[in-house]
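Each chain is listed here by its residues.
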Amino acid sequence: MLSVFFKLSLTTLLFVSFVQAQKSPQAPDVSLFSQDVIADSPVLETLDLPIYRLELTLSDDLLNVEGSAEIWVTNTSDDNWSELVFRLYPNALGSLMTVAEVFVKDVLVKTQLDIENTVLRVPVDLEPSEEVRVSLRYTLELSPEVRSYGRLAKYRDALSLSHAYPTLSVYKNSAWLENYLDEQGDPLVAETSLFDVTVHAPADWQVVTTGQTLEQASSDEHQTLRVTTGPARDFFIAVVRGYREIKKQVGETQVRVFAPQTLLRGARSTLEVAVKALEFFEKNYTPYPYKEIDLVAIPVEAGGVEYPGIVVITNGLLVGGGNLTQVVVHEVAHQWSFALVGSDQISSPWLDESLTQYLTLRFQEEYNPRFVDGYESYWRRYWDESPNPMLPLGLPVASYDERSYVGIVYGKGLFFFKSLADTMGTEALDEALAGYFRENAWGFVSSSELQVSLEHSCACDLTRVFAEWLDEAKRLQ
Ligand SMILES: [Zn+2]
């Protein structure tokens, strides 16, 4: 496909100044990234997070993106790094991301593509605590067909633009995580990072993203936004047309819902539930860290999809189909069990999804007690009717077929956390989970961190319980 990219006509001096500043090799001042976080958030200077400075230009048909990236990476491990591993997620989602040139500290380097073009290896020589700057240019060509339930897809009045940049992978246990992605489940495996993103888009569309818009300028045909985030595991862009925005302030956070005009009633229900969910999770666990949370209606083929500071809810739920409350609460809960505390969604999908299912149950117990039985029996049935209910919870996404994935990770996983609540007591489990979110805020964990947090709280040994539910070896004994 031939892309038609536009030339910018910037109108304000202010705007020109920040575009010029972007070309500087200096890392952005970290104070830029405090705009989107509430007063109680951890001090950014101490985090040593990767910093992405991205510039994305969307074509008029929204199917093509031209991108440039400067990424500052600090070696936070005890090992010397000979390479950085970036994931090109669009190449596993039916679209095409092509990286043109890669520079390390302004020197052109020879990179290597691997694992079905989803891994980009960039050679470096980086000692512990050393920082390096990687610059690259790339293009992204979206598949005109909707693939992978629409994470990265163009609809008539909405674009779901996820993973629109090469994403640094996670270095854990002396190796880069680079498992291949599965068609089901969520692909992102990433450390919390800081984003400074400029988006150029056609003027007749509205751009809604992770983070806060710092500046915006538009001409008749085109618009440019500059957005920065607080600590964020991912940067998502929704581009919508003919939508209404409704919003409500909750403490320091503004909750915003974007939906087609025709779905205003569903948008109001979405806003009401999201506000309650935010208040509930803040009260029971830890504060929501950002000044903004956006919920955007896009007709994806899942009920909802989570990103830091922004979630997608499928349009069908806003017209009264399915359970809007359950989906909205689930996606808001992911702001804790995914965005705040991250994990390997490819190898251990239960760690965020099963916990999110349990957090949703806790909300229902508080606000909709008459729906609790229905919620539990719905997911119990999914588990019971999955092809092999005995499958352990702790397997990678690829080990489950479609029905098993939902039945085990979402069904059985809910009952794993319920069994923990039975063992520890609901209040004690809530306190333990609050500790887990607090102690691991912005981190990337495995099941052992969860187990340690819970054991610390209950002063009990949960090794056997974890093994029985999660571990295949234990099941086969
Ligand atoms: Zn989920």
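For clarity, every value in this text was computed on a predicted model and none was experimentally measured.

A few points about the overall build of the protein
Here is step 1: A tally of helices and strands in the protein yields 12 helices and 25 strands.
Here is step 2: Along the first, second and third principal axes, the C-alpha set of the protein runs to 60 × 55 × 45 Å.
Here is step 3: Burial status across the protein gives 59% buried among its 477 residues.
Here is step 4: Contacts spanning at least 24 positions in sequence make up 71% of the contacts within the protein whose residues lie at least 6 apart.
Here is step 5: Carbon together with sulfur atoms contributes 47% to the accessible area of the protein, which is approximately 19200 Å² in total.
Here is step 6: The positive charge centre, built from 37 side chains, and the negative charge centre, built from 67, are 5 Å apart in the protein.

So, the coordination of the zinc ion
Here is step 1: Surrounding the zinc ion are the protein donor atoms His330 (NE2), His334 (NE2), Glu353 (OE) and Glu353 (OE), which sit 2.0 to 2.7 Å from the metal.
Here is step 2: One way to put it: the 4 donor atoms around the zinc ion meet at angles of 53 to 154°, and that makes the site irregular.
Here is step 3: Mapping the donors of the zinc ion onto the primary sequence gives the spacing H-x3-H-x18-E. With His330 in helix 4 (residues 324-333) and Glu353 in helix 6 (residues 350-367), this residue pair connects regions lying 23 residues apart in the sequence. You'll find His330 and Glu353 in the same group, each marked buried.

Some remarks on the packing of aromatic side chains
Here is step 1: All chains considered together, the criterion is met by 33 aromatic pairs.
Here is step 2: Ring geometry for Tyr165 versus Phe195: centroids 5.4 Å apart, planes at 70°, classification edge-to-face. Of this pair, Tyr165 sits in the loop between strand 10 (158-161) and strand 11 (167-168) while Phe195 sits in strand 14 (residues 194-202), and the two are 30 residues apart along the sequence.
Here is step 3: Looking at Tyr165, the relative accessible area reads 1%, which means it is buried.
Here is step 4: When the ring of Tyr290 is compared with that of Trp442, the centres are 6.1 Å apart and the planes differ by 40°; the resulting orientation is tilted. One end of the pair, Tyr290, is in the loop between helix 2 (264-284) and strand 21 (292-297); the other, Trp442, is in the loop between helix 9 (426-439) and strand 25 (444-445), and 152 residues separate them in sequence.
Here is step 5: Overall, Tyr290 belongs to the buried group, its relative accessible area being 2%.
Here is step 6: Classification of Trp442 by relative accessible area gives buried; the value is 6%.
Here is step 7: Pairwise contacts between aromatic rings join Phe280, Phe281, Tyr285, Tyr288, Tyr290, Trp336, Phe363, Tyr367, Tyr436, Phe437 and Trp442 into one cluster.
Here is step 8: The aromatic ring of Phe415 is capped on one face by Arg380, whose charged end is 5.3 Å from the ring centroid.

Section: the confidence of the model for the protein
Here is step 1: Summing up the model confidence of the protein, the mean pLDDT is 90 and the portion of residues at 70 or higher is 92%.
Here is step 2: Predicted confidence is poor over residues 1-24, with pLDDT under 50, and the contacts of this stretch with residues over four places away or in other chains come to 47 contacts.
Here is step 3: Low pLDDT, under 50, characterises residues 473-477; the predicted model gives this stretch 5 contacts beyond four residues in sequence or across chains.

Here is what the cut-offs are and how they apply
Residues numbered from 1 in each chain as written. Predicted model: local features only at pLDDT ≥ 70, side-chain atom pairs only at ≥ 80, totals over all residues. Heavy atoms only, no water. Helix = DSSP H or I, 4+ residues; strand = E, 2+ residues; numbered from the N terminus. Buried < 20%, exposed > 50% of the residue type's maximum accessible area, 1.4 Å probe, protein only. Contact = heavy atoms within 4.5 Å. Areas by Shrake-Rupley, 256 points an atom, 1.4 Å probe, with all protein chains shown as cover. Lys, Arg positive; Asp, Glu negative; His and termini not counted. Charge placed at Lys NZ, Arg CZ, Asp CG, Glu CD. Donors = N, O, S within 2.8 Å, 3.2 Å for Na, K, Ca; no water. Tetrahedral: all angles 85-135°; square planar, octahedral: opposite > 155°, others 65-115°. Phe/Tyr/Trp six-rings, centres within 6.5 Å; stacked < 30°, edge-to-face > 60°. Lys NZ or Arg CZ within 6 Å of the ring centre and 35° of its normal. pLDDT = per-residue confidence, 0-100.

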